[in-house]
Amino acid sequence: MQKLVVVALNSLLAAGLYATMSYGLAVIYGVMRIINLAHAGLMMLAAYATFALNDRFALDPFLSIGIVAPAFFLIGMGLYATLIRWLPRSSAGPSMQSLLLLFGVWLVLQNLAYSIWGGDTQSILTPYTMESIPLLGGRFGVPQILVFLASILSLVGLNLVLRRTFLGKAIRAVTQNRDAAMLSGVNAGQIAAVAFGIGTAFAAMAGSMLSTLYAFTPDFGRSFLLKAFCIIVLGGMESFTGVAVGALVLAFIENFASAYTSIPVSYQDAISFTLLVVVLVAAPGGLPGLWRTFDRRVVAR
Amino acid sequence: MPVESGPILVVSSVSKRFGGLLALDSVSFEVQPGEIFSVIGPNGAGKTTLFSCMVGAVTPSSGSVRFLGEELAGLRNDQIVVRGLVRTHQIVKPFRDMTVADNIRVGVLYGRLRLRGAKARERVDEVLSRTELGHRAGVRAGVLSIGELKRLEIARALATGPAVLCLDEVMGGLNPAEIQQAMALVRALRDGGLTILMIEHHVHAVAGLSDRLVVLNFGKKIAEGRPAEALRDPAVVAAYLGDETEVRV
Amino acid sequence: MTALLRRHPLLPLGVLFGAFLLLAPTFTGRGTQNDLWNMAFFVVLAAAWNLLGGFAGQVSLGYSAFVGIGAYTTVLLSKAGWSPWLTLPVGAALAVAFSVAVGLPTFRLRGPYFTIATIGVGEAVRVIASGLEFTGGSSGLRMPAGTFDFLANYYAMVGLALATLVLVAWLTQHAFGLALEAIRQDIDGAEALGVHSTQVKLQAHAISSALVALAGGLFATNFQYISPGSVFDFRLSLTIVLMPIIGGMGTLTGPVLGAMLFSILQIKLLASPALRDSYLFIYGGLLIVVMLFEPRGIMGLLERLWTRLARRQVPAVAESPGAG
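Residues numbered from 1 in each chain as written. Chains lettered and ligands numbered in written order. Predicted model: local features only at pLDDT ≥ 70, side-chain atom pairs only at ≥ 80, totals over all residues.

Trainee: Could you clarify how one ought to interpret the overall build of chain B in this entry?
Mentor: Each helix and strand in chain B was counted, giving nine helices and ten strands. Against the globule reference of 18 Å for 249 residues, chain B gives a C-alpha radius of gyration of 18 Å, in line with a compact fold. When burial is assessed residue by residue, chain B has 47% of its 249 residues classed as buried. Partitioning the intrachain contacts of chain B with sequence separation of at least 6 by distance along the chain shows that 65% fall at a separation of at least 24. (Helix = DSSP H or I, 4+ residues; strand = E, 2+ residues; numbered from the N terminus. Rg over C-alpha atoms; globule rule 2.2 N^0.38 Å. Buried ≥ 20, exposed ≤ 12 C-beta atoms within 10 Å, placed from the backbone. Contact = placed C-beta atoms within 7 Å.)

Trainee: It is not clear to me how the overall build of chain C should be interpreted in this structure. Could you clarify?
Mentor: Tallying secondary structure elements over chain C gives 16 helices and two strands in all. Here chain C has a C-alpha radius of gyration of 21 Å; the compact-globule value for 324 residues is 20 Å, and the two agree. Overall, chain C is about 70 × 50 × 40 Å in size when its C-alpha atoms are taken along their principal axes. Per-residue burial over chain C gives 50% buried out of 324 residues.

Trainee: It is not clear to me how the domain arrangement of chain B should be interpreted in this structure. Could you clarify?
Mentor: In many analyses, interface size is given as the accessible surface area lost on bringing the parts together. All names here are of chain B. By domain assignment, chain B separates into domain 1 (1-84 + 163-173 + 194-249) and domain 2 (88-161). Taken together, the contact between domain 1 and domain 2 spans twelve residues of the former and eleven residues of the latter. Within the side of domain 1 that touches domain 2, the residues separate by chemical class into five nonpolar, four polar and three charged. (Domains from an automatic or database assignment. Nonpolar A, V, L, I, M, F, W, Y, C, P; charged D, E, K, R; others polar.)

Trainee: Would you mind going over the packing of helix 12 (residues 234-247) of chain C against helix 13 (residues 253-271) of chain C with me for this structure?
Mentor: Describing two packed helices takes the angle between their axes plus the distance from one axis to the other. All names here are of chain C. The N-to-C vectors of helix 12 and helix 13 enclose an angle of 120°; their axes lie 7 Å apart at closest approach. Taken together, the axes of helix 12 and helix 13 are oblique relative to one another. Considering how the two elements wind past one another, helix 12 and helix 13 form a crossing that is right-handed. Side by side, helix 12 and helix 13 meet where Thr239, Met243, Pro244, Ile246 and Gly247 of the first sit next to Gly254, Pro255, Val256, Leu257, Gly258, Ala259, Leu261 and Phe262 of the second. Among the residues forming the contact of helix 12 with helix 13, the class breakdown is nine nonpolar, four polar and no charged. (Axes fitted to C-alpha atoms, helices over the stretch in contact; angles between N-to-C directions. Parallel < 35°, antiparallel > 145°, perpendicular 65-115°, else oblique. Left-handed = near helix turned anticlockwise from the far one by under 90°.)

Trainee: In this structure, what is going on with the sheet that holds strand 10 (residues 220-225) of chain B? I would like to understand it.
Mentor: Strand-to-strand pairing in sheets goes through backbone hydrogen bonds, with the strands running parallel or antiparallel. Residue and element names in this part refer to chain B. Pairing in this open sheet of six strands is mixed, and the strands run 6-7-8-3-9-10 from one edge to the other. Here the strands that pair on one side only, and so sit at the sheet edges, are strand 6 (85-87) and strand 10. Neighbouring strand axes in the sheet, compared pairwise and without regard to direction, differ in orientation by 15° on average. Where strand 3 (residues 36-40) and strand 8 (residues 195-199) come together, four bridges link them in parallel fashion. When the bridges of strand 8 are listed, serine 38 appears paired with methionine 198. The sheet strands contacting helix 1 (residues 47-55) are strand 3, strand 6, strand 7 (164-168), strand 8 and strand 9 (212-217), and the helix crosses strand 7 at an angle near 150°. (Pairing = 2+ DSSP bridges.)

Trainee: Looking at this structure, I do not really get the interface of chain A and chain C. What am I missing?
Mentor: Of the residues lining the interface, 32 residues belong to chain A; the matching set on chain C comes to 32 residues. Those elements that place two or more of their residues in the side of chain A that touches chain C are helix 4 (96-117), helix 9 (222-234) and helix 11 (268-282) of chain A. For the side of chain A that touches chain C, the element with the highest residue contribution is helix 4 of chain A, accounting for 14 residues. Its residues assigned to classes, the side of chain A that touches chain C shows 23 nonpolar, eight polar and one charged.

Trainee: Even after reading the chapter, I still don't get the pairing of strand 1 (residues 9-18) of chain B, so can you show me in this structure?
Mentor: As a general feature of sheets, a regular strand has side chains that alternate between the two faces. Residues and elements named next belong to chain B. The pairing of strand 1 with strand 2 (residues 21-31) spans seven bridges and is classified as antiparallel. In the strand pairing of strand 2, arginine 17 is matched with leucine 22. Linkage of strand 1 to strand 2, two consecutive antiparallel strands, is achieved through a turn of two residues, within which glycine 19 is found at a positive phi near 65°. Note that strand 1 and strand 4 (residues 62-67) share five bridges and pair antiparallel. When the bridges of strand 4 are listed, valine 10 appears paired with arginine 66.

Trainee: Teacher, can you tell me more about the sheet that holds strand 1 of chain B here?
Mentor: Residues and elements named next belong to chain B. Overall, antiparallel pairing links the four strands, which are arranged 2-1-4-5 in an open sheet. Taken across any chain shown, the strands that pair with only one partner, and hence form the sheet edges, are strand 2 and strand 5 (70-71). Pairing of strand 4 with strand 5, which is carried by two bridges, proceeds in the antiparallel orientation. For arginine 66, the partnering residue across the bridge sits in strand 5 and is glutamate 71. Along the sheet face, helix 1 touches strand 1, strand 2 and strand 4 and points at about 65° away from the line of strand 2.

Trainee: Teacher, can you tell me more about the environment of A:Thr274 here?
Mentor: Position of A:Thr274 relative to the elements: it lies in helix 11. The exposure class assigned to A:Thr274 is partly exposed, which follows from the 15 C-beta atoms found within 10 Å.

Trainee: Can you help me understand the packing of helix 2 (residues 38-57) of chain A against helix 3 (residues 61-82) of chain A in this one?
Mentor: Residues and elements named next belong to chain A. Look at helix 2 against helix 3: their axes get within 10 Å of each other, and the N-to-C directions meet at 130°. Here helix 2 lies oblique to helix 3, going by the angle between them. Crossing geometry of helix 2 relative to helix 3 is assigned as right-handed. Residues Leu42, Ala46, Ala49, Thr50, Leu53 and Asn54 of helix 2 lie in contact with helix 3, whose contacting residues are Pro61, Ser64, Ile67, Val68 and Phe72. Class assignment for the residues of the contact of helix 2 with helix 3 results in eight nonpolar, three polar and no charged.

Trainee: What's the story with the interface of chain B and chain C in this structure? I'm lost.
Mentor: The interface is formed by 27 residues belonging to chain B together with 17 residues belonging to chain C. Elements that contribute at least two residues to the side of chain B that touches chain C include exactly helix 2 (77-83) and helix 3 (100-110) of chain B. Here the side of chain B that touches chain C gets six residues from one element, more than from any other, and that element is helix 3 of chain B. Looking at side-chain class alone, the side of chain B that touches chain C contains ten nonpolar, six polar and eleven charged residues.

Trainee: What am I meant to see in the confidence of the model for chain C here?
Mentor: Parts of the model with low pLDDT should not have their predicted coordinates read in detail. Residues and elements named next belong to chain C. For chain C, the mean per-residue pLDDT works out to 87, and 94% of the residues sit at or above 70. The weakest mean pLDDT in chain C belongs to helix 1 (residues 2-7) at 69; the strongest belongs to helix 10 (residues 197-223) at 96. Note on residues 318-324: pLDDT is under 50 here. Beyond four places in sequence and across chains, it has six contacts. For this predicted complex, the interface confidence comes out at an ipTM of 0.88, alongside a pTM of 0.87. (pLDDT = per-residue confidence, 0-100.)

Trainee: In this structure, what is going on with the pairing of strand 9 of chain B? I would like to understand it.
Mentor: Residues and elements named next belong to chain B. Taken together, the four bridges between strand 3 and strand 9 define a ladder with parallel strand orientation. Its bridge partner lying in strand 9, isoleucine 40 is registered against valine 215. Two elements, strand 9 and strand 10, share five bridges in a ladder whose sense is antiparallel. Across the sheet, the residue bridging to valine 214 is glutamate 224, located in strand 10.

Trainee: Help me understand helix 3 of chain B, please; the structure alone is not making it clear to me.
Mentor: An α-helix turns once per 3.6 residues; consequently, residues spaced three or four apart project the same way. Of all eleven residues in helix 3 of chain B, eleven are buried, a share of seventy percent or more. For helix 3 of chain B, the complete set of buried residues consists of B:Val100, B:Ala101, B:Asp102, B:Asn103, B:Ile104, B:Arg105, B:Val106, B:Gly107, B:Val108, B:Leu109 and B:Tyr110. Of the surrounding elements, those touching the buried residues of helix 3 of chain B are helix 4 (117-130) and helix 5 (146-159) of chain B together with helix 8 (175-185) and helix 9 (187-191) of chain C.

Trainee: Honestly, unusual backbone geometry in this entry has me stumped. Any pointers?
Mentor: With the exception of glycine, most residues fall at negative phi, and the peptide bonds are largely trans. All names here are of chain B. If you check the backbone angles, glutamate 132 has positive phi at about 55° while not being a glycine. Classification of glutamate 132 as partly exposed rests on a count of 13 C-beta atoms within 10 Å. If you check the backbone angles, glutamate 169 has positive phi at about 50° while not being a glycine. Taking the number of C-beta atoms within 10 Å as the measure of exposure, glutamate 169 has 19 and is therefore partly exposed.

Trainee: What should I look at first to understand helix 6 (residues 111-131) of chain C in this one?
Mentor: Between its first and last C-alpha, helix 6 of chain C extends 31 Å over 21 residues, near the 30 Å set by a 1.5 Å rise per residue. In terms of burial, helix 6 of chain C is largely enclosed, as 16 of its 21 residues are buried. (Expected span 1.5 Å × (residues − 1).)

Trainee: Just to check I follow, could you spell out the environment of A:Gly76 for this structure?
Mentor: Residues and elements named next belong to chain A. Mapped onto the secondary structure, glycine 76 falls in helix 3. Taking the C-beta count within 10 Å as the criterion, glycine 76 has 28 such neighbours and is therefore assigned buried. It is 45 Å that separates the C-alpha atoms of glycine 76 and methionine 1, two residues lying 75 residues apart in sequence.

Have a look at this one:
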């Protein structure tokens, strides 16, 4: 029982980061129906940027989020303006063209990091990297707790923007029905640019947070991208609350597997990959879809 | 086409639920071989859903569809086409980057007939001439006019060599001359041995072509029978026009 | 014969090139032969992938798994005493089995979702291969001594490349090709006309996986040493996909052009350290440019140029009615 509590808490801590990471993908997908493979590269680049700020100016990684996130917001809008906006929009969902284009961007970002920082593994060491706090019978690392707090902040912020601001309402409108939103006066192009900026900023925040937990190389990000994708599919591609639920589910499965089974750590990534394929195939509507199948009393939207 | 005794198609208590929405509510009817049988009703009545259930594009929530005595529920779309039941789509979607001839060739190669080689080429030509698309055979399907696209849609379905052809609003968007052409084609197809099911809004076309029809409203069957009787049925009139109107048919 | 030439005007060029490849060992040095071997290797990978990826439109980013299966089967069985040549069909058979196992669940997915699933599968395979004991873990395996015969391997690889091209051409010019094309353009429409799309996809996947595995087996014999990093690598999957994309997906010549381009690129990259560090810039940049400007690749560009030239040659032609 004790162990279960520790596993649950570890899952909660991990879920926060996973959620932040996944919202970056979800916002872009929701508004533009584009699967942003460059997300991995952006997380990686943000990790390096955080590292550079820490290395040169001894800036605490969590504080540097305040610089990195806005900077990447602008980078995201720039990417939209130069590349994404020219893609033809297909009504039947995400296009291969956009997928491959962003894949190309990811490769370029990898090379960028490689040219600037080389291929060696980097990591960030702070005074508190090794510290941990005892809580409810387990010891939890300080960085993990700080990451969790930072991600909660970002999610609360996102929620506020989505529900309380006109921009947020416009984003939700375009996500649900682009044409209707445009008829209501929403400039879908501008919203798309902003959404891409927000998605990139969230990728950056996740990257900064990841840099405090893991060592990284330019190749970093692929497994996290697949996890993020697994999460948004689990959560139902178009539901914002679903992403949070998906994050919790994946985090719990991973922590459970490492605590209770003898699956070696190196295979753990294979868990999320397999789960991704399984969910895509068996439950394409994600958990909300499964819920709907079980509960026939749910009235149609 | 040998004369079958008994109905060629039996739809029994077919229902389809999408989440909380009951699109079809226990619809039943029979179609005799060689008939032109229409399915009519106001928008949203479930007509296209009915067709989708019949061809296996969508699985019915309950009920059965028997074609030539064989149960179709649970079979895939392509399996049902191979057995001889095919439909056209209300929103025509040809293979845009293929020629008209190739569009038709797909059905010839993979439909019920599964022809190859010279026989396949002959059949493509045959279908092209029956739908009057011969002069457009080498043209990319993406550039056709709407009238031609509708004919291509019929041609593609015809190419599979069906016993029963389900036409979903083939006359939508056509001008009066084109409607006459379409009606003549439908008659010719039936005279050639096909059984035809039609979803259609043009009451005149329906009345002029159909041997029998069924009327759907809100997923339920509200009338069935010969056009003259069914169209005079007060329930049908009410469904289309509201309660207090008299209609002369 | 003339009909064949009209449909494939580049065929004589292809035949000449094939002859050149076969005769090359008689008048070129080993270095050039190595480069040609590489190119033939790439041609097999690109042309085979193109069957499912280009013609049917199902883009899989996990094809390195098949290279690895072929390579590892050859090495493991050779170490057990088999003749390397006999290991090749076994590798191909295993690849086919794997392709079906992967295809059955994933072919239910459409477009980009299928692609992402293949990334997941590819990564899972790599992770597992790096962890297993009998595959040598992450340090890889070596072929037994006495199995190296460059010339025989060269002819085998060139022969495989030519055979792949002929096979793909034959398949796509007949009924199977029409089914692939229909699936690519409108899978629901294809099924509504009687095409069993999953079966067609599985067949294309199986055929291409077998060809790729054969190439992988020959690769193992030629390089004598393999590791998960060399044959199960994501970068290899990426290269396999980039070649037909840049050359022109869904065409017969596209993958060949792409393969030629990439093998030249590889030679230049290996020669210059500066470029070696920038290969991702180049790959990524190419992908971005192609997707933005001409998603149909070099063949698409050539076709556009050709139509523009043809239009200029015939200035004002009266439109006769029904002149489809």
